[in-house]
Amino acid sequence: TMRAPSVRVAGGVLAASSLLVGGTGVGLITIESGSLAGTPAVSVVAGGSLALPDAQRQTFALASLAVDGGKVDIGRSRLDIAPGGVTLADLRAALLAARNGGLWNGTAGIGSSAAASSLSRAVGYQVQGSGSTSVAWAAFGDVNLDGLVNSTDISLINTGGFFNSGRTDAHWYLGDVNYDGLVNSTDIPLLTASGLFGSGSYASALGAGGLLALGSF
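What counts as what
- Residues numbered from 1 in each chain as written.
- Predicted model: local features only at pLDDT ≥ 70, side-chain atom pairs only at ≥ 80, totals over all residues.
- Heavy atoms only, no water.
- Helix = DSSP H or I, 4+ residues; strand = E, 2+ residues; numbered from the N terminus.
- Rg over C-alpha atoms; globule rule 2.2 N^0.38 Å.
- Buried < 20%, exposed > 50% of the residue type's maximum accessible area, 1.4 Å probe, protein only.
- Contact = heavy atoms within 4.5 Å.
- Areas by Shrake-Rupley, 256 points an atom, 1.4 Å probe, with all protein chains shown as cover.
- Lys, Arg positive; Asp, Glu negative; His and termini not counted.
- Charge placed at Lys NZ, Arg CZ, Asp CG, Glu CD.
- Phe/Tyr/Trp six-rings, centres within 6.5 Å; stacked < 30°, edge-to-face > 60°.
- Salt bridge = Lys/Arg side-chain N within 4 Å of Asp/Glu carboxyl O.
- Polar contact = N/O pair within 3.5 Å; in protein donor to acceptor, adjacent residues only side chain to side chain.
- Expected span 1.5 Å × (residues − 1).
- Arc of directions from axis to C-beta.

(A) Main features of the overall build of the chain. What the chain contains, in helices and strands, is four helices and 13 strands. Computed over C-alpha atoms, the radius of gyration of the chain comes to 16 Å, within 12% of the 17 Å expected from 2.2 N^0.38 for 217 residues, which places it in the range of a compact globule. Here the chain holds 217 residues, and the buried ones make up 47% of them. Across the chain, the fraction of contacts at a sequence separation of at least 24, relative to all contacts at a separation of at least 6, is 45%. Put simply, the chain shows about 9,000 Å² of open surface, and 54% of that area lies on carbon and sulfur atoms. Between the averaged position of the 10 positive side-chain charges in the chain and that of its 13 negative side-chain charges there is a distance of 5 Å.

(B) Layout of the packing of aromatic side chains. By the definition in use, this model includes five aromatic pairs. Between W104 and Y179, the ring centres sit 5.5 Å apart and the planes meet at 75 degrees, which makes this aromatic pair edge-to-face. Of the two residues, W104 sits in the loop between α1 (88-99) and β10 (109-111) while Y179 sits in the loop between α3 (151-160) and α4 (187-193), which places them 75 residues apart along the sequence. Where Y125 meets Y173, the ring centres are 6.1 Å apart and the plane angle is 80 degrees; that geometry is what we call edge-to-face. Within this pair, whereas Y125 is found in strand β11 (residues 121-127), its partner Y173 is found in the loop between α3 and α4, the two being separated by 48 residues in sequence. Overall, Y125 belongs to the buried group, its relative accessible area being 0%.

(C) Structural context of the pattern of salt bridges. Applying the stated criterion to the full structure yields five salt bridges. One salt bridge connects D80 with R78, and the closest N-O pair in it is separated by 2.8 Å. Here R78 falls in the buried class, since its relative accessible area comes to 13%.

(D) Seen up close, the side chain of Q126. Here Q126 lies in strand β11. For Q126, a relative accessible area of 13% translates into the label buried. One polar contact links Q126 to Q128, side chain to side chain, over a distance of 3.1 Å. Residue contacts for Q126: discarding those within four places in its chain leaves S132, T133, S134, V143, N144, L145 and Y173.

(E) Highlighting α1. An ideal rise of 1.5 Å per residue puts 16 Å on 12 residues; α1 measures up with 16 Å between its terminal C-alpha atoms. Among all positions of α1, only L91, R92, A94, L95, A98 and R99 are buried. When α1 is viewed along its axis, its buried side chains cluster within an angular range of 160 degrees and face the same direction. In this structure, the buried residues of α1 make contact with β7 (64-68), β10, β11 and β12 (133-139). Phi turns positive one or two residues past the end of α1, at N100, with a value near 50 degrees.

(F) Representation of the side chain of N144 within the structure. Position of N144 relative to the elements: it lies in the loop between β12 and α3. Sequence-distant contacts of N144, that is, excluding residues within four places in its chain, are made with Q126, T152, D153 and L156.

(G) Geometry of the environment of G70. Relative to the helices and strands, G70 resides in the loop between β7 and β8 (71-73). Measuring from C-alpha to C-alpha, the distance between G70 and G109 comes to 6.2 Å, with 39 residues separating the pair along the chain. Not counting residues within four places of it along the chain, the set of residues in contact with G70 comprises V44, V45, A46, G48, A108 and G109.

See below:
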C-alpha cells in the first residue's frame, strides 16, 4: 500500500490494482489531468480525499468503489464501476452524505465542486445494461448520463414506472433528480429550468477532448 500525505497527477498516469485513500494509505489524491490505469479497487476512508478533474469531462474505470467516511470530489468527471463493485444502497448513501441539501459540498461522501458552483448541475448515477454502475457530474434531467438532456431522458422517466406512483425508493436514473426518493412534479421543473433541454451536449463544451474514456471493463 502506497503511503504518502498526497499525490497529484497532472498529465501523467497513476497505475494501481487498488488504492487506499486515507487511513494508512494516501491522504489526498488529486487528478488534475492524465489517467488512472489498471482499473483499481478504490477505498476512500476517514481522513482521505480523492479529487477528480474539474476542468474537463473524463471517465475513469474502477473495479470497485467504497466510500467510508472519506470524500470523493468528482469534479466534472465520471466513474464507471464494474458489476458488483458497489451496491446502489452504498452509492446513494455516499451521495446523500455529500449532497448537503443540494449544495454538493458535504465533508464526506461523493460530491462535486462543479455541482456546488452551479444550480443546474448535480451528481447523478445509473445502472448500465451490463450491470456496471456509473456516477457522474450531470445536469438535472440527464438520467442516463450521456451528456444530453433530451426526449430520451423523458422516455426513460415515463417507462420507469415511478412518476407519480407514490413510491419512495426511486433513483436518479428513474427520474429522482432531487434525491427525495420520489419521481413527481418537483423533479420535472428542475429538468427544464436549466435551459439545457434539447440544446446538445453540455459536457462537450468543457474542452476540446469532450468525453475522454480512460479505461473499460
